[in-house]
Amino acid sequence: IAGITQAPTSQILAAGRRMTLRCTQDMRHNAMYWYRQDLGLGLRLIHYSNTAGTTGKGEVPDGYSVSRANTDDFPLTLASAVPSQTSVYFCASSAGTSYNEQFFGPGTRLTVL
Amino acid sequence: AQSVSQHNHHVILSEAASLELGCNYSYGGTVNLFWYVQYPGQHLQLLLKYFSGDPLVKGIKGFEAEFIKSKFSFNLRKPSVQWSDTAEYFCALSNDYKLSFGAGTTVTVRA
């Protein structure tokens, strides 16, 4: 069982380009999340999905979009990347909501130049 | 609004020393609290969690944390650290779907 996989592992991207970060889980978890991790700021929630077909905005959603077409996949798209989106991005999932542990993927290191 | 603050940004200590990392939260309702650890080059893993009941919770690898409601605190402790405890530690608070993280504390254990 892989848990959560993310792709790519790292990426260097020119500003203005479109980029999709992929996330797949094999635990049949209902809820999925995208966070960005920045030094001194911890992890901040970008978007979330409580169940397939629904999504919601987190703390820092601007410049990002997500979709949840099925239970397993939760891609994060940067429509037009900017340097401030340089960060490490973590996908996570949980069986439910606040009472359940969130499981994290290995992360994607994104650099926008 | 909910928030989590961690007092120490970087802690350096020697093996066998005791560790205590501070965590305070701000939230008016029922809280679910977590400590996560991120070892170098790895993803976040759960150390322990508190939902209700005994305010002293024990986690993996000898860690424990105490929930003190009157102080809005959830400090993490380990009586004797090892070199392998070198990592970044995050306190988090959950309300419904959202996990709010503190800024993290980097712990460096010297052999």
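Anything mentioned here points back to the structure above.
Residues numbered from 1 in each chain as written. Chains lettered and ligands numbered in written order. Predicted model: local features only at pLDDT ≥ 70, side-chain atom pairs only at ≥ 80, totals over all residues. Heavy atoms only, no water.

### Digging into the sheet that holds strand β1 (residues 4–7) of chain A
All names here are of chain A.
Move 1: Strand order in the open sheet made by the four strands is β1-β3-β8-β7, with antiparallel pairing throughout. The sheet is open, and its two borders are formed by β1 and β7 (64–66), each paired with just one other strand. Across the sheet, the axes of successive neighbouring strands diverge by a mean angle of 20°, strand direction being ignored.
Move 2: Inspection of the sheet shows β7 paired to strand β8 (residues 76–78) by three bridges, in the antiparallel sense. Among the inter-strand pairings, Val66 is bridged to a residue of β8, identified as Leu76. (Pairing = 2+ DSSP bridges. Helix = DSSP H or I, 4+ residues; strand = E, 2+ residues; numbered from the N terminus. Axes fitted to C-alpha atoms, helices over the stretch in contact; angles between N-to-C directions.)

### What to know about the pairing of strand β3 (residues 19–25) of chain A
Residues and elements named next belong to chain A.
Move 1: Side-chain alternation along β3 places Met19, Leu21, Cys23 and Gln25 on a buried face and Thr20, Arg22 and Thr24 on a face that remains uncovered.
Move 2: Of the pairings in the sheet, the one linking β1 to β3 comprises four bridges and is antiparallel in character. Along β3, the bridge assignment pairs Ile4 with Gln25.
Move 3: Strand direction decides the pairing type here: β3 and β8, joined by three bridges, are antiparallel. Residue pairing across strands places Met19 opposite Leu78, the latter belonging to β8. (Buried < 20%, exposed > 50% of the residue type's maximum accessible area, 1.4 Å probe, protein only.)

### A word on the nonpolar core
All names here are of chain B.
Move 1: Of all hydrophobic cores here, the largest spans 28 residues; its most connected members are Trp35, Leu48, Phe74, Leu76 and Tyr89.
Move 2: Considering each element in turn, this core owes the most residues, four residues, to strand β10 (residues 87–95).
Move 3: Sequence-distant contacts of Leu48, defined by excluding residues within four places in its chain, comprise Leu33, Phe34, Trp35, Val57, Lys58, Gly59, Phe63, Glu64, Ala65, Phe74 and Leu76. (Core = buried A, V, L, I, M, F, W, Y, C linked by side-chain atoms within 4.5 Å. Contact = heavy atoms within 4.5 Å.)

### Observations regarding the interface of chain A and chain B
Move 1: Each partner contributes to the interface: chain A provides 21 residues, whereas chain B provides 20 residues.
Move 2: Roughly 1700 Å² is buried in total at the junction of chain A and chain B, and carbon and sulfur atoms are behind 59% of that figure.
Move 3: Linking chain A to chain B there are zero salt bridges.
Move 4: For the interface between chain A and chain B, the tally reads two residue pairs in polar contact (both at pLDDT 80 or more).
Move 5: Contributing elements (two or more residues each) for the side of chain A that touches chain B: β4 (31–38) and β5 (42–49) of chain A.
Move 6: Looking at the side of chain A that touches chain B element by element, the count peaks at four residues for β5 of chain A.
Move 7: Residue composition of the side of chain A that touches chain B, by class: ten nonpolar, nine polar and two charged. (Buried area = accessible area lost by both parts, 1.4 Å probe. Salt bridge = Lys/Arg side-chain N within 4 Å of Asp/Glu carboxyl O. Polar contact = N/O pair within 3.5 Å; in protein donor to acceptor, adjacent residues only side chain to side chain. Nonpolar A, V, L, I, M, F, W, Y, C, P; charged D, E, K, R; others polar.)

Without other data, these values stay purely geometric and don't point to any function.
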